[in-house]
Amino acid sequence: MTQEIIVTREGPVLLITINRPEVRNALNRSASEGIARAMDELDADPTLAIGILTGAGKHFCAGMDLKAFLRGERVELEGRGLAGITETPPRKPVIAAVEGYALAGGCELVLACDLVVAAEDATFGIPEVIRGLIAGSGGLIRLPQRIPKQIALEYALTGAMLPALEARQWGMVNRLTAPGGALDGARELARVISANGPLAVQMTKRVMTESPSWPAQDIWARQRELLEQIIASNDAREGARAFAEKRAACWTGT
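From a predicted model like this one, the values you see are computed outputs, not experimental measurements.

How each quantity is defined
- Residues numbered from 1 in each chain as written.
- Predicted model: local features only at pLDDT ≥ 70, side-chain atom pairs only at ≥ 80, totals over all residues.
- Heavy atoms only, no water.
- Helix = DSSP H or I, 4+ residues; strand = E, 2+ residues; numbered from the N terminus.
- Rg over C-alpha atoms; globule rule 2.2 N^0.38 Å.
- Buried < 20%, exposed > 50% of the residue type's maximum accessible area, 1.4 Å probe, protein only.
- Contact = heavy atoms within 4.5 Å.
- Areas by Shrake-Rupley, 256 points an atom, 1.4 Å probe, with all protein chains shown as cover.
- Pairing = 2+ DSSP bridges.
- Axes fitted to C-alpha atoms, helices over the stretch in contact; angles between N-to-C directions.
- 1 Å grid on protein atoms, 1.4 Å probe; cavity = no way out; pocket = protein on both sides within 12 Å on 5 of 7 lines; lining within 4 Å.
- Points joined across faces, edges and corners; volume = space filled by probe spheres on them.
- Nonpolar A, V, L, I, M, F, W, Y, C, P; charged D, E, K, R; others polar.
- Core = buried A, V, L, I, M, F, W, Y, C linked by side-chain atoms within 4.5 Å.
- Expected span 1.5 Å × (residues − 1).
- Arc of directions from axis to C-beta.

Draft legend 1. Structural view of the overall build of the protein chain. A tally of regular secondary structure across the protein chain gives 10 helices and 11 strands. What you see for the protein chain is a C-alpha radius of gyration of 19 Å, in line with the 18 Å of a compact globule of 254 residues. With respect to the principal axes defined by its C-alpha atoms, the protein chain has extents near 60 × 45 × 35 Å. Residue burial in the protein chain is summarised as follows: out of 254 residues, 47% are buried. Long-range pairs, those at least 24 residues apart, make up 65% of the contacts in the protein chain between residues at least 6 apart in sequence. When the accessible area of the protein chain is evaluated, it comes to approximately 13,000 Å², of which 57% is carbon and sulfur surface.

Here it is, written out as structure tokens:
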């Protein structure tokens, strides 16, 4: 039986590959569960700093496997959402490496990731309305957070495709690559991030993710509380020592 989710360790990077190219990497229940297990592994292992989520073959993910849906399968995991990432994303950052189609649930997976590296000919979209559904795994919530609301509303209501070049212009895509180069581009970005202090990286993601929902009067107090945890860490002292001694830091994640 073909392994639907392939998990590969590349030093501090966990590469998670959706391996259902025969259906454009559309997700069934078992694939959704496989991604969730990989995200749990990413957070649990202190030697891992960052994840990359990608698809095998020519496409990232075409969303939910409609044949599986007709068989009664649900790809949303209880309390965690699609693939265990849309409602409960990991503490550590995840990069989406996108080739080809990232549609419907596939686009929602991309939006649940922290950074996006896409091939110039990649295509995004939340076309659920065309099939009488809605983008209920975060597309309607996160897309207007990533691109202007009126633009997001048009794509959501029409179900139209969003080319990677335009997604980049609106700020949804961090980096564009030549076709076939998205994974290498994501690896390079992951290499740069994973060289930094792991606690600082995780806390940076946390503050930038959570702070928009903090009450205005509490913003600085809440950030100060988290900042003090980093200042008190061994890694903060190691970073200062490494700078003074003109050497690379040896992070411990403590």
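Draft legend 2. Region of interest: the sheet that holds strand β2 (residues 13-18). The strand order across the open sheet formed by six strands is β1-β2-β3-β6-β8-β11, and the pairing between neighbours is mixed. The outermost strands of the open sheet, each flanked by one partner alone, are β1 (5-10) and β11 (175-177). With direction set aside, neighbouring strand axes in the sheet form an average angle of 20°. Relative to strand β6 (residues 94-98), strand β3 (residues 50-55) runs parallel, the two sharing three bridges. Directly across from Leu53, in β6, lies its bridge partner Ala96.

Draft legend 3. Broad picture of empty space enclosed by the protein. Taken as a whole, this structure holds one cavity of 30 Å³ or more when the rule is applied. Size it by volume and the largest cavity reaches roughly 50 Å³. Forming the boundary of the largest cavity are Cys107, Phe124, Gly125, Ile126, Leu143, Tyr155, Ala160, Leu162 and Met172. Of the residues that constitute the lining of the largest cavity, the class distribution is eight nonpolar, one polar and no charged.

Draft legend 4. The arrangement of the nonpolar core in detail. Residues Val98, Leu109, Phe124 and Met172 are the most contacted members of the largest nonpolar core, which totals 45 residues. Ranked by size, the runner-up nonpolar core spans 13 residues in total, among them Leu15, Ile52, Ala182 and Ala186.

Draft legend 5. Main features of the sheet that holds strand β10 (residues 162-163). Read from one edge of the open sheet, three strands run β7-β9-β10, paired in mixed fashion. Single-partner strands in this sheet number two, and they are β7 (101-103) and β10. On the sheet, helix α3 (residues 105-112) packs against β7 and β9 (123-125) and is oriented at approximately 90° with respect to β7.

Draft legend 6. Fine view of the pairing of β6. Of all five residues that make up β6, five are buried, and the element is covered over most of its length. On β6, burial covers both faces: Val94, Ala96 and Val98 on one face and Ile95 and Ala97 on the other are all buried. Strand direction decides the pairing type here: β6 and strand β8 (residues 115-119), joined by four bridges, are parallel. Within the sheet, the bridge partner assigned to Val98 lies in β8 and is Ala118.

Draft legend 7. Representation of the side chain of Asp45. Mapped onto the secondary structure, Asp45 falls in the loop between α1 (29-44) and β3. Residues in contact with Asp45, not counting those within four places in the same chain, are Arg9 and Lys92.

Draft legend 8. How the structure looks around the pairing of β8. Within β8, four of the five residues are buried, which leaves the element mostly enclosed by the surrounding structure. Sheet analysis places β8 next to β11, joined by three bridges and oriented parallel. When the sheet's bridge partners are listed, Ala118 is paired in β11 with Leu176.

Draft legend 9. Spatial organisation of the layout of surface pockets. Considering only enclosed or pocket space, the largest pocket measures out at about 1,000 Å³ in volume. In terms of lining residues, the largest pocket is bounded by 31 residues, among which Asp114, Lys205, Arg206, Met208 and Thr209 are the most central. Contributing elements (two or more residues each) for the lining of the largest pocket: α3, β8, α4 (139-146), α8 (198-210) and α9 (219-231). Sorting elements by how many residues they give to the lining of the largest pocket places α8 first, with 10 residues. Of the volumes computed, that of the second largest pocket is approximately 720 Å³.

Draft legend 10. Local environment of helix α7 (residues 182-194). Here α7 contains 13 residues, and its C-alpha end-to-end distance of 18 Å stays within 8% of the 18 Å for a straight helix at 1.5 Å per residue. For α7, every residue scored as buried is listed here: Ala182, Gly185, Ala186, Leu189, Ala190, Ile193 and Ser194. When α7 is viewed along its axis, its buried side chains cluster within an angular range of 160° and face the same direction. Contacts made by the buried residues of α7 are with β2, β3, β6, β8, β11 and α8.

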